Amino acid sequence: MTTQKSRRRTDRRTRLTVWIALSANLVIAAAKAVGGLVAASPALLSEAAHSVADTLNEVFLLAALRRSRRPADRRHPFGYGKERWFWSLLAAVVIFVMGGCFSFFQGYQALAGQYGEPTSAYVAGLAVLGVALLADGSSLLRALYQRRARRADGLDPALRTVIAEDSAGVIGVLIAMAGMSLHLATGEVEWEAAASFGIGLLLVYVAFRLGRDAREQLIGEAVDPVLARRIRELLAAQPEIHNVAALLTMRLGMDSALVAARVDLVPGLDSEEVEIVCERIKRAVRRNWPEADQVFLDITEAPVDDEE
């Protein structure tokens, strides 16, 4: 119960972090889009697409936070914890398609001569990027503070996605500012084309990292090796267990993990004693690691010869 209350408090903090990022990205996306159209700047339009993708991703993350807390039911006996990684995967796809691909397209159009000479509107565009830098930086600092305050939340895909988006936002804005400034100073549009390609590569990299992490969890990643080793040590230390033949684990959600162990018991225990021992061991695992809430033991009796 204490762990569930702690997780709910953490979810509220994460939800607030996502809302802050959503609000910032929504305003920034509109400002970048207007500034990019007025200034006819491919780099600024690439950043606008980046912010639009981030805004949609925050909506996905809010859905993940809500849906992943649903209780287990008959069709989903282990709960809905993996919903977080599913929505994180969708966020990675959006970053790749709306952000990365559009940025590459803007870079291509710039090289193809679709944009003319820089105008005085570029100064306003640079001011918009300056405001965006402050907003993304503030959101990033809050997300990093939350992760530092609770290191266990480092696995939270919602928080990790916000950190990845805001980090990419800060870097992307700096790239766009550099491209626009050089275009304004030299009159060479290739600088902005390079900036657009750079933003595209950055977003593709972020999408790949987020997608890879989500994939690992969706296909069933084991718990932390240190935790698995400690569970094995606890099992091996029980006087009734002769040998831990196998230990399998899988993370089911942010605060849920499956532990399945095949153990050999010492000879001479009757069925009632075996049942009592199993329940005591399961309680010991859950008491020490509340996130290991699904514990299964496959019991066999050690051969008498092994005791000799």
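In the block above lies the structure referred to throughout.
Each value, and the rule that gives it
- Residues numbered from 1 in each chain as written.
- Predicted model: local features only at pLDDT ≥ 70, side-chain atom pairs only at ≥ 80, totals over all residues.
- Heavy atoms only, no water.
- Phe/Tyr/Trp six-rings, centres within 6.5 Å; stacked < 30°, edge-to-face > 60°.
- Helix = DSSP H or I, 4+ residues; strand = E, 2+ residues; numbered from the N terminus.
- Buried < 20%, exposed > 50% of the residue type's maximum accessible area, 1.4 Å probe, protein only.
- Lys NZ or Arg CZ within 6 Å of the ring centre and 35° of its normal.
- Axes fitted to C-alpha atoms, helices over the stretch in contact; angles between N-to-C directions.
- Parallel < 35°, antiparallel > 145°, perpendicular 65-115°, else oblique.
- Nonpolar A, V, L, I, M, F, W, Y, C, P; charged D, E, K, R; others polar.
- Pairing = 2+ DSSP bridges.

Novice: Can you explain the packing of aromatic side chains? Please cite residues and give values.
Specialist: Taken as a whole and judged by the stated rule, the model has four aromatic pairs. Centroid distance Phe 60 to Trp 87: 5.6 Å. Interplanar angle 45°. Geometry classified as tilted. Highlighted residues: Phe 60 in helix H2 (residues 42–67) and Trp 87 in helix H3 (residues 83–111), separated in sequence by 27 residues. Their ring planes at 80° and their centres at 5.5 Å tell us that Phe 86 and Trp 87 sit as a pair that is edge-to-face. With a relative accessible area of 16%, Trp 87 lands in the buried category. Linked through ring pairs, Phe 60, Phe 86 and Trp 87 together constitute an aromatic cluster. Directly above the ring of Tyr 80 sits Arg 70, whose terminal nitrogen or CZ lies 3.8 Å from the centroid.

Novice: I'd like to hear about the packing of helix H5 (residues 157–186) against helix H6 (residues 190–218), residue by residue, with values.
Specialist: Closest axis-to-axis distance for the H5/H6 pair is 8 Å, and the angle between their directions is 170°. Taken together, H5 and H6 sit at an angle that is classed as roughly antiparallel. Partitioning the contact of H5 with H6 into residue classes produces 14 nonpolar, six polar and three charged.

Novice: Go over the pairing of strand E2 (residues 256–265) with me, naming the residues and quoting the values.
Specialist: Within E2, eight of the 10 residues are buried, which leaves the element mostly enclosed by the surrounding structure. As judged from the 10 bridges shared by strand E1 (residues 241–253) and E2, these two strands associate in the antiparallel manner. Bridge pairing links Ile 241 to Leu 265 in E2. A loop of two residues connects E1 with E2, the two strands running antiparallel in sequence.

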